[in-house]
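Spelled out from the first residue to the last, the chains are:
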Amino acid sequence: MHSQQLDTLVDIGGYKMHFKIIKGEGTPILFESGAGNEGSVWDNILERIQKVTGTTLITYDRTGFGQSEVNPNLKNDIDFGIINGITELETGLSKLGYDNEIILVPHSYGGFYTTLYASKHPEKVKYVVRIDANLVDVYTDDVLNIMAQQPTPPKSPETLGNYYLYKTYPETVKLLREVKFPPSVPAIDITSPINRGYPDEYWTLIKKAHKDFVDAEPNRIELIAEGSGHYIFKDNPALIINTIIKAYAETLDENSRNELYKKTLDNAIELSIETQKANALYNHSEEDLNTWGYNLIGQGEMEKALEVFKLNTMLFPNSSNVYDSYGEALLIADKKYEAIKMYEKSIELNPDNEHGKSVLEIKQ
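Keep in mind that what you see is a predicted model, and the values were worked out from it rather than measured.

What to know about the UniProt feature "domain: AB hydrolase-1" (unreviewed entry) in the protein
The UniProt entry lists residues 28-148 under the feature "domain: AB hydrolase-1" (unreviewed entry), expressed in the numbering used here. Secondary structure within residues 28-148 divides into 37% helix and 17% strand; the distance between the first and last C-alpha atoms comes to 37 Å.

Rendered as structure tokens:
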């Protein structure tokens, strides 16, 4: 990443909070992680977003997570709730100089944080891109009762963040029931259509809550991330990256927006190519990959060919043929010892592999 990065611990009153900032120009984008996640969960999409927008990107660890410490002056578990978390965030952003206009990108539990932050600072929040982010309507009293029956994470240094999150969850929900997402703030609500094992009635409740949220205001957009699970920014990074870029573009003047759209088109093309490569690697059949490997050999791309053949053995470990082909490629690359191992594995899987046996008789 060519832009300037700041990985820092900010003193917010006798204890420190960890922030990572990729510095740029324009409205900063703050990423809010889900429950149990540190700021590093966003790392796979930051470079591409910064490359296109050139703006400042901010991730951080909430109290008790990652490198962030907990307030030593708080004594009761309930004191470590979302109000304390928002106060810490506001203090950290102020000290870093990013307490003016901002774009928010929450995932999961981070949806609670952005709702509360936006309700406190509607004039500052220019856009919100919600990624399968929490809505309080989902958390009925019945749901809270079910959650209360789950085991509490231990109160240890390694799990302190999760411990406080669990202990304060009911109070967080009760608070958020009284908070409205400001109607003046535009939002894109991206959701996964995959039920992660929820009972039908709860899954219906989740879908209704998101539909109601989008339908409540004309400046809210619904996007369904087909084929993606809860971590949409990992399953479909292209969708999330381009959606965040779209939201950022809405904060620009017309000339700047047109310039950004040109970069966005280039970015979409590059992401499409990367996606096709990934599909070739992970979604093609054993035969497809073998054919690709031999084509690469024919083009003189031996190292790439070996990578493809090796990948085929990893994806189809019970296939005698993929080890036979990998062994043949290794022989062409003059890697006799490794080739013998592959042929031996091929024969182990298929004792009738006469081709492999004949090669071993010659080479050993």
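Details of the layout of surface pockets
The computed volume of the largest pocket comes to approximately 950 Å³. Looking at the largest pocket, it is lined by 40 residues, and the ones nearest its centre are Tyr139, Arg196, Tyr198, Tyr202 and Ile206. Of all the elements in the fold, those that place two or more residues in the lining of the largest pocket are α4 (141-148), α5 (160-176), α6 (200-215) and β8 (220-224). Sort the elements by how many residues they give to the lining of the largest pocket and α6 lands first, with eight residues. Per-class residue counts for the lining of the largest pocket are 23 nonpolar, ten polar and seven charged.

Remarks on the environment of serine 108
Within the element layout of this structure, serine 108 appears in the loop between β5 (102-106) and α3 (110-120). C-alpha of serine 108 to C-alpha of leucine 30: the two residues are 78 residues apart in sequence and 15 Å apart in space.

A look at the sheet that holds strand β4 (residues 57-60)
Spatially, eight strands are ordered β1-β2-β4-β3-β5-β6-β7-β8 in an open sheet, and the strand pairing comes out mixed. Two strands lie at the open edges of the sheet, namely β1 (5-11) and β8, each paired on one side alone. Direction aside, neighbouring strands of the sheet carry axes that sit 20° apart on average. Sheet topology note: the β1/strand β2 (residues 16-22) ladder contains seven bridges and is antiparallel. Residue pairing in the sheet places leucine 6 in a bridge with isoleucine 21 of β2.

Digging into the UniProt feature "repeat: TPR" (unreviewed entry) in the protein
Mapped onto the present numbering, the UniProt feature "repeat: TPR" (unreviewed entry) falls at residues 320-353. For residues 320-353, the end-to-end C-alpha separation is 8 Å, with 79% helix and 0% strand making up the annotated structure.

Focus: the nonpolar core
Counting residues in hydrophobic clusters, the biggest one holds 44 residues, and the most contacted among them are Leu93, Phe112 and Tyr139. Counting residues per element, this core draws most heavily on α6, which supplies six residues. Grouped together as the second largest cluster of nonpolar side chains are 28 residues, Phe233, Ile240, Ile244 and Ala249 included.

What to know about empty space enclosed by the protein
This model, assessed by the stated rule, comprises one cavity of 30 Å³ or more. Of the voids in this model, the largest cavity is the one considered here, and its volume is about 110 Å³. Taken together, 13 residues make up the lining of the largest cavity; nearest its centre are Thr63, Phe80, Tyr113, Gly161 and Leu165. For the lining of the largest cavity, the element with the most residues is α5, which contributes four residues. Along the lines of polarity and charge, the residues of the lining of the largest cavity split into seven nonpolar, five polar and one charged.

What counts and what doesn't
Residues numbered from 1 in each chain as written. Predicted model: local features only at pLDDT ≥ 70, side-chain atom pairs only at ≥ 80, totals over all residues. Heavy atoms only, no water. UniProt positions renumbered as here; feature names shortened; annotations may be inferred. Helix = DSSP H or I, 4+ residues; strand = E, 2+ residues; numbered from the N terminus. 1 Å grid on protein atoms, 1.4 Å probe; cavity = no way out; pocket = protein on both sides within 12 Å on 5 of 7 lines; lining within 4 Å. Points joined across faces, edges and corners; volume = space filled by probe spheres on them. Nonpolar A, V, L, I, M, F, W, Y, C, P; charged D, E, K, R; others polar. Pairing = 2+ DSSP bridges. Axes fitted to C-alpha atoms, helices over the stretch in contact; angles between N-to-C directions. Core = buried A, V, L, I, M, F, W, Y, C linked by side-chain atoms within 4.5 Å. Buried < 20%, exposed > 50% of the residue type's maximum accessible area, 1.4 Å probe, protein only.

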